[in-house]
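Results of the structural survey
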Protein chains: 2
Amino acid sequence: MNGAESLLRSLTASGVTVCFGNPGTSEMHFVSALDSVSEMRCILGLHENVITGAADGYARMSGKPACTLLHLGPGLSNGLANLHNARRASSPIVNIVGDHALSHTGIDAPLASDIIGIARPVSHWVYTSTSARNVGADAARAVQAANAAPGNIATLILPADTAWSDADDVANPLPFVSPVDVAQCTIERVAAQLRYALSPAILLRGDVLRDEGLIHAGQIAKHTGARLLCDTFAPRLQRGAGRVAVERLPYFAEQVLESLQGVDLLVLVGAKPPVSFFAYPDKPGWLTPEGCTLSVLSHPHENGRSALSSLVEALGAAKDLPAATKLSVPEFSRTGALDARSVIQAVARHMPENAILVDESVSSGFPHYGITASAVPHDYLNLTGGAIGSMMAVSIGAAVVCPDRKVITLVGDGSAMYTLQSLWTQAREKLDVTTVILANRGYKVLHNELIRVGAAQEGIKAHSMIELTNPHIDWVSLARGMGVEAVRVELHAGFEDAFLSAMRHQGPRLIEAVIG
Amino acid sequence: MNGAESLLRSLTASGVTVCFGNPGTSEMHFVSALDSVSEMRCILGLHENVITGAADGYARMSGKPACTLLHLGPGLSNGLANLHNARRASSPIVNIVGDHALSHTGIDAPLASDIIGIARPVSHWVYTSTSARNVGADAARAVQAANAAPGNIATLILPADTAWSDADDVANPLPFVSPVDVAQCTIERVAAQLRYALSPAILLRGDVLRDEGLIHAGQIAKHTGARLLCDTFAPRLQRGAGRVAVERLPYFAEQVLESLQGVDLLVLVGAKPPVSFFAYPDKPGWLTPEGCTLSVLSHPHENGRSALSSLVEALGAAKDLPAATKLSVPEFSRTGALDARSVIQAVARHMPENAILVDESVSSGFPHYGITASAVPHDYLNLTGGAIGSMMAVSIGAAVVCPDRKVITLVGDGSAMYTLQSLWTQAREKLDVTTVILANRGYKVLHNELIRVGAAQEGIKAHSMIELTNPHIDWVSLARGMGVEAVRVELHAGFEDAFLSAMRHQGPRLIEAVIG
């Protein structure tokens with residue numbers, strides 16, 4: 001057994017069974033070993049941001065890490081932006097980054113670079129394996145590091161000779177570091193605060209936004225009158241009919257301040273205090289209202305679910321029935337020209353139960369987030385770190401974890417252009433992903449921002465830097481070029497027909513929705 | 001005047017007059033200021049690797065830096081791989097990386113990241129501007145740093161408030177640090193070594209591979225019998241009819257060793273000693289033959305051209321007439337199925353004088369590099385750092401510098417998929433770039449490598465990780481999707497017709513050459 005096989009077998013022994021990769025010469029032993037390790041599924045991406053984004057989506061839907069296979073510093077660099085998003089989503093990921101053989105590192109070959117330096121800003125754990133004898137154990141440690149609550153990026157650098165030299169064995173999995181339980185005194189403190197607050201709110205993030213976490217939060221809300229909130233960009237949220245409703249904090253600072261006005265207690269469950277996404281001249285960054293008490297129930301690395309459960313007990317809310325969202329789908333007219341609103345109305349009307357809504361619709365989607373809130377039950381995944389080009393790749397990982405669920409990606413055209421290679425992997429793996437391109441033919445979010453930052457009126461050159469016309473991007477051609485069936489629609493009826501057709505069929509589809 | 005305008009005016013005052021960019025919210029003041037600074041041309045790219053690659057190509061053809069405009073850590077991350085290539089090309093580039101306002105940096109907003117940490121591995125110079133009052137001077141220093149020989153990556157981080165606050169003035173340009181002249185004793189040493197060597201060779205890199213550098217090298221070769229060599233991946237080389245011929249070192253270690261066998265003196269002019277691109281089990285990394293004397297005439301930061309000129313004097317070679325390449329275009333049969341060889345034969349036959357050949361044909365191109373060597377005079381640009389996805393973007397920069405010259409990009413399909421957004425910018429700017437996709441439908445270089453590294457025979461999973469079939473990539477659709485006219489050809493005649501048509505017309509074209 002060589003190091004590559006020891007590494008692969010140690011990864012699968014530790015529960016890592018999917019590898020999203022794009023290998024190069026230095027990873028050929030790893031690639032070669034794939035055929036002798038049947039437990040490892042390997043999925044090719046044609047750009048590394050597809051790979052790291054897919055691993056993010058995989059982690060969000062499975063709760064466990066996939067591994068990536070990246071080719072030296074440049075391969076890692078290409079995947080860095082979606083590792084940034086994954087880090088902000090607390091998604092566990094194990095990166096395997098090939099490197100030159102140790103004997104080769106001193107000679108500064110053209111592909112040599114400071115891989116540790118490149119990895120550090122996005123990684124919680126970085127280590128260079130120095131021997132095939134240890135690489136299995138190093139992999140087990142990487143998986144352990146990735147699985148530490150709330151979910152970490154672990155980057156293991158694999159020099160080529162560590163892969164090709166003789167190894168001993170497969171490493172045993174290491175115990176996972178469980179999330180820390182919250183002290184009872186903290187539970188009591190928060191319970192007391194909730195009892196006496198006039199206008200309490202609870203800001204939730206992490207796995208408390210689904211399953212029993214959500215139910216307990218609903219009981220607490222029912223019992224205390226607290227509002228339930230989540231961040232604008234919660235990594236994953238369960239919502240829809242029958243579920244406890246959680247208000248999403250709006251995007252802009254002044255909207256958040258308005259939303260939180262009068263709140264005198266903000267309880268944080270795995271969340272950080274709300275902040276403005278960007279800075280603007282003379283606008284605040286911290287958005288906790290004046291006079292509001294911030295109270296941490298659980299930090300991100302702590303067990304928020306058990307904390308909520310204990311809080312239910314402490315409040316005596318165990319018998320409270322949380323308010324459940326009632327099914328309500330929007331009206332939809334078959335006539336008229338499409339806009340972002342009508343697109344999302346049709347999605348809300350026709351998406352199937354248990355769909356996974358993957359959202360990078362940015363400026364088009366913000367105002368219409370509520371439209372899908374009372375549709376059939378579904379999961380909602382957000383762009384977490386603001387690095388566009390994330391969610392088409394995240395959809396890949398989600399679809400790999402949940403082959404029986406329909407994945408629907410809502411994405412702006414500017415965003416979609418970043419990681420359009422995602423479509424090829426969706427086609428190759430026959431993933432059940434419907435991509436809706438909200439084609440407003442510009443970085444419309446920046447038109448708004450030019451005004452918001454108080455920049456002078458948009459001139460010709462400024463305008464040219466934020467619009468995607470001249471030439472128009474033809475998404476139907478782009479999708480077909482990557483083997484994905486696609487259609488362009490401009491009217492209500494056309495979109496409804498295309499979307500219904502996509503919902504009825506398995507496999508990847510793309511709908512270019514031209515919106516005004 | 002605000003900081004953004006002071007920055008822009010200081011850049012143009014220092015000679016930086018082209019900005020390749022993809023802005024975000026934090027760069028809106030910069031974008032807004034563009035319209036008041038008419039000297040700055042701004043070009044939008046829809047992915048940052050397009051932007052940094054374009055800046056690399058601009059630097060290679062102009063010898064001076066363009067600036068990039070990148071959106072925080074993720075924008076920089078997306079452009080990192082082509083900055084790696086640019087660094088290996090010694091291309092001067094000034095990166096302007098927007099960041100949150102300084103007041104916002106403490107609050108760890110979703111887009112916050114360690115920008116300095118991300119920049120460091122690819123940058124020779126990194127600085128965060130702390131005030132609108134200084135940002136102009138900071139820009140002048142960045143340009144000075146970028147222009148230091150042989151060409152550096154300078155990264156200036158621009159917090160949003162540094163752009164939007166009041167500034168004083170425009171900074172004066174700083175003097176450029178000229179390349180150091182080589183000491184006369186070094187010239188004399190090398191002259192003496194060349195006189196007494198039995199089988200000398202001179203390895204050239206940098207600006208000595210063109211204009212008078214090449215002529216002087218040719219005189220020295222004529223006088224001493226030395227072979228003239230360049231690296232496999234020389235950033236830029238002038239070649240073709242009438243020019244002094246330079247042998248390219250082959251790619252694989254054993255080929256280099258064979259090529260250099262018997263060489264007893266290797267003179268380095270701006271080059272480093274030859275090394276193997278990758279490490280392989282039981283193969284050497286350093287490729288200088290045993291017993292060969294390595295002798296540095298000039299380091300990369302030194303003035304290689306004046307050193308060669310002095311060496312001509314020292315050798316008394318001023319009257320030697322260098323051997324000039326004779327025009328010789330290959331035969332081309334109109335019948336038969338395309339392969340890499342016939343594609344490059346047709347290119348050699350029909351490319352116009354002064355074309356710029358931009359090469360990322362990787363495995364398809366290596367064996368056929370010689371075919372274009374005696375075509376009409378042209379410039380040849382190589383992928384320098386091994387990070388694929390470079391040269392379609394480099395073509396943009398080359399075409400911006402040289403609007404009157406035909407740019408021909410030879411690129412493998414695997415490589416082309418990395419930065420295909422380059423086509424959109426080529427269409428928008430109406431750049432005269434003909435892209436030839438050598439579509440072998442796989443990472444063919446890796447098929448070879450699997451065997452070379454001694455990896456076991458390729459299994460089904462291993463194969464699936466290095467082939468681009470299932471689905472086929474349809475380059476004609478992809479190009480059309482980005483507004484570039486395209487055609488697919490599979491036969492000799494079809495390619496010749498398509499290529500001739502592209503040569504006759506201005507503007508971007510793409511030819512998908514399906515090769516066996």
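Per an unreviewed UniProt entry, chain A goes by the name Acetolactate synthase large subunit and belongs to Xenorhabdus santafensis. Turning to chain A, the UniProt annotation filed under Sequence similarities (unreviewed entry) states: "Belongs to the TPP enzyme family."

1. Brief notes about the overall build of chain A
Across its full length, chain A carries 21 helices and 18 strands. C-alpha atoms of chain A, sized along the principal axes, occupy 65 × 60 × 50 Å. Split into buried and exposed, the 516 residues of chain A put 67% on the buried side. Once local pairs closer than 6 in sequence are excluded, the contacts in chain A between residues at least 24 apart make up 81%.

2. Digging into helix H3 (residues 48-62) of chain A
Residues and elements named next belong to chain A. Here H3 spans 21 Å end to end across 15 residues, near enough to the 21 Å set by a 1.5 Å rise per residue. Most of H3 sits out of view: 14 of its 15 residues are buried. Immediately beyond the C-terminal end of H3, within one or two residues, lies glycine 63, with a positive phi of roughly 75 degrees.

3. Concerning the interface of chain B and chain A
Interface size, as often reported, equals the accessible area lost upon joining of the parts. The partner chain A presents 98 residues to the 99 residues of chain B that form the contact. Here chain B meets chain A over a buried area of about 8,100 Å², counting both sides, of which 64% is carbon and sulfur. When the buried area of chain B at its contact with chain A is split by residue, B:Tyr418, B:Lys461 and B:Met465 rank highest and sum to 10% of it. In this structure, the connection of chain B to chain A is made through 6 salt bridges. A salt bridge links A:Asp108 to B:Lys272, with the nearest nitrogen and oxygen atoms 2.6 Å apart. Taken together, the links from chain B to chain A amount to 50 residue pairs in polar contact (both at pLDDT 80 or more). Here the side of chain B that touches chain A is built from residues that sort into 51 nonpolar, 34 polar and 14 charged.

4. A closer look at the relation of the copies chain B and chain A
When chain B is fitted onto chain A, the two copies agree to an RMSD of 0.0 Å after a turn of 180 degrees and an axial shift of 0.0 Å. The two molecules are tied by a two-fold rotation axis, judged by turn and shift. The fraction of interface residues of chain B whose copies in chain A are also interface residues reaches 99%, indicating that both copies meet through the same surface.

5. Considering the pairing of strand E8 (residues 227-230) of chain B
Side-chain direction in a regular strand flips from residue to residue, so the side chains alternate between the two faces of the sheet. Residues and elements named next belong to chain B. Here strand E7 (residues 200-204) runs beside E8; their pairing, made up of 4 bridges, is parallel. Residue leucine 204 lies in a different strand from E8, and its bridge partner there is cysteine 230. Once you follow E7 into helix H10 (residues 211-224) and on to E8, the crossover reads as right-handed. Note that E8 and strand E10 (residues 247-248) share 2 bridges and pair parallel.

6. Quick notes on the packing of helix H1 (residues 3-13) of chain B against helix H7 (residues 135-147) of chain B
All names here are of chain B. Where H1 contacts H7, the axes come no closer than 8 Å and their chain directions differ by 30 degrees. Viewed along their axes, H1 and H7 adopt a mutual orientation that is roughly parallel. Considering only the axes of H1 and H7, their crossing is right-handed. Between H1 and H7, the residues in contact are Gly3, Ser6, Leu7, Ser10 and Leu11 and Val135, Gly136, Ala139 and Val143, respectively. Split into classes, the residues belonging to the contact of H1 with H7 amount to 5 nonpolar, 4 polar and no charged.

7. Considerations on the side chain of A:Glu48
The topology assignment puts A:Glu48 in helix H3. Although A:Glu48 lies buried, it forms no salt bridge, and the closest oppositely charged side chain, A:Arg428, sits 14 Å away as judged by the N-O distance.

8. Brief notes about the pattern of salt bridges
Residue and element names in this part refer to chain A. The tally for this structure, following the rule as stated, stands at 44 salt bridges over all chains. Arginine 305 is the salt-bridge partner of glutamate 212, the closest N and O atoms lying 3.3 Å from each other. Of this pair, glutamate 212 sits in helix H10 (residues 211-224) while arginine 305 sits in helix H12 (residues 304-315), placing them 93 residues apart in sequence. One continuous salt-bridge network, built from bridges that share partners, spans Asp207, Asp211, Glu212 and Arg305.

9. Quick word on the nonpolar core
Within the largest apolar cluster, 212 residues are counted, with the highest numbers of intra-cluster contacts made by A:Leu11, A:Phe20, A:Ile96, B:Leu11, B:Phe20 and B:Ile96. Those residues within four positions of B:Ile96 in sequence are excluded, and the remaining contacts are B:Leu7, B:Leu11, B:Phe30, B:Cys67, B:Thr68, B:Leu69, B:Leu70, B:Leu156 and B:Leu158. Among the nonpolar cores identified, the runner-up in size contains 61 residues, and A:Val269, A:Val343, A:Ile344 and A:Leu410 belong to it.

10. Section: the sheet that holds strand E10 (residues 247-248) of chain A
Strand-to-strand pairing in sheets goes through backbone hydrogen bonds, with the strands running parallel or antiparallel. If you walk across this open sheet you meet the 5 strands as E10-E8-E7-E11-E12 (chain A), and the pairing is parallel. In this open sheet, the two strands that pair with only one neighbour each are E10 and strand E12 (293-298) of chain A.

11. Focus on the sheet that holds E10(B)
All names here are of chain B. A sheet is described by the order of its strands in space; here 5 strands give the open sequence E10-E8-E7-E11-E12, paired in parallel fashion. Here the strands that pair on one side only, and so sit at the sheet edges, are E10 and strand E12 (293-298). Running over the sheet, helix H9 (residues 184-196) touches E7, strand E11 (265-269) and E12 and is turned about 140 degrees from E12.

12. Overview of the packing of aromatic side chains
Within the structure shown, the criterion is met by 22 aromatic pairs over all chains. Here the aromatic rings of A:Tyr251 and A:Phe277 are separated by 5.3 Å at their centres, their planes lie at 45 degrees, and the arrangement is tilted. Linking A:Tyr251 in the loop between E10 and helix H11 (253-260) with A:Phe277 in the loop between strand E11 (265-269) and E12, this pair joins segments that are 26 residues apart in sequence. Per residue, the accessibility class of A:Tyr251 equals that of A:Phe277, and both read buried. Each member of the aromatic cluster is reached from another via a ring pair, and the members are A:Phe233, A:Tyr251, A:Phe252, A:Phe277, A:Phe278 and A:Phe366. The lysine or arginine in question, A:Arg248, covers the ring of A:Phe233, its NZ or CZ lying 5.8 Å from the ring centre. The ring of B:Tyr369 has B:Arg239 lying over it, and the distance from NZ or CZ to the ring centre is 4.2 Å.

13. Some details on the confidence of the model for chain A
Overall, the predicted model of chain A reaches an average pLDDT of 96, with 99% of residues at or above 70. Two numbers describe this predicted complex: its pTM, 0.98, and its ipTM, 0.97.

14. Description of helix H5 (residues 80-88) of chain B
All names here are of chain B. Counting buried positions over the 9 residues of H5 gives 8, a clear majority of the element. Every buried residue of H5 is accounted for by Leu80, Ala81, Asn82, Leu83, His84, Asn85, Ala86 and Arg88. Immediately beyond the C-terminal end of H5, within one or two residues, lies serine 90, with a positive phi of roughly 55 degrees.

15. Quick notes on the pairing of strand E15 (residues 407-412) of chain B
Residue and element names in this part refer to chain B. With 6 of 6 residues buried, E15 lies mostly within the body of the structure. The side-chain alternation of E15 yields two buried faces, one formed by Val407, Thr409 and Val411 and the other by Ile408, Leu410 and Gly412. Pairing of strand E13 (residues 355-360) with E15, which is carried by 5 bridges, proceeds in the parallel orientation. Paired with glutamate 360 across the strands is valine 411, a residue of E15.

16. A short note on the environment of B:Val358
All names here are of chain B. If you trace the backbone, valine 358 turns up in strand E13. The class of valine 358 is buried, set by a relative accessible area of 0%. Residues valine 358 and histidine 378, 20 residues apart in the sequence, show an inter-C-alpha distance of 10 Å. Excluding residues within four positions of it along the chain, valine 358 makes contact with Leu381, Met391, Val394, Ser395, Val407, Ile408, Thr409 and Leu410.

Reading guide: rules and limits
- Residues numbered from 1 in each chain as written.
- Chains lettered and ligands numbered in written order.
- Predicted model: local features only at pLDDT ≥ 70, side-chain atom pairs only at ≥ 80, totals over all residues.
- Heavy atoms only, no water.
- UniProt positions renumbered as here; feature names shortened; annotations may be inferred.
- Helix = DSSP H or I, 4+ residues; strand = E, 2+ residues; numbered from the N terminus.
- Buried < 20%, exposed > 50% of the residue type's maximum accessible area, 1.4 Å probe, protein only.
- Contact = heavy atoms within 4.5 Å.
- Expected span 1.5 Å × (residues − 1).
- Buried area = accessible area lost by both parts, 1.4 Å probe.
- Salt bridge = Lys/Arg side-chain N within 4 Å of Asp/Glu carboxyl O.
- Polar contact = N/O pair within 3.5 Å; in protein donor to acceptor, adjacent residues only side chain to side chain.
- Nonpolar A, V, L, I, M, F, W, Y, C, P; charged D, E, K, R; others polar.
- Least-squares fit on C-alpha atoms with pLDDT ≥ 70 in both.
- Pairing = 2+ DSSP bridges.
- Right-handed = clockwise from strand over helix to strand, strands pointing away.
- Axes fitted to C-alpha atoms, helices over the stretch in contact; angles between N-to-C directions.
- Parallel < 35°, antiparallel > 145°, perpendicular 65-115°, else oblique.
- Left-handed = near helix turned anticlockwise from the far one by under 90°.
- Lys, Arg positive; Asp, Glu negative; His and termini not counted.
- Core = buried A, V, L, I, M, F, W, Y, C linked by side-chain atoms within 4.5 Å.
- Phe/Tyr/Trp six-rings, centres within 6.5 Å; stacked < 30°, edge-to-face > 60°.
- Lys NZ or Arg CZ within 6 Å of the ring centre and 35° of its normal.
- pLDDT = per-residue confidence, 0-100.

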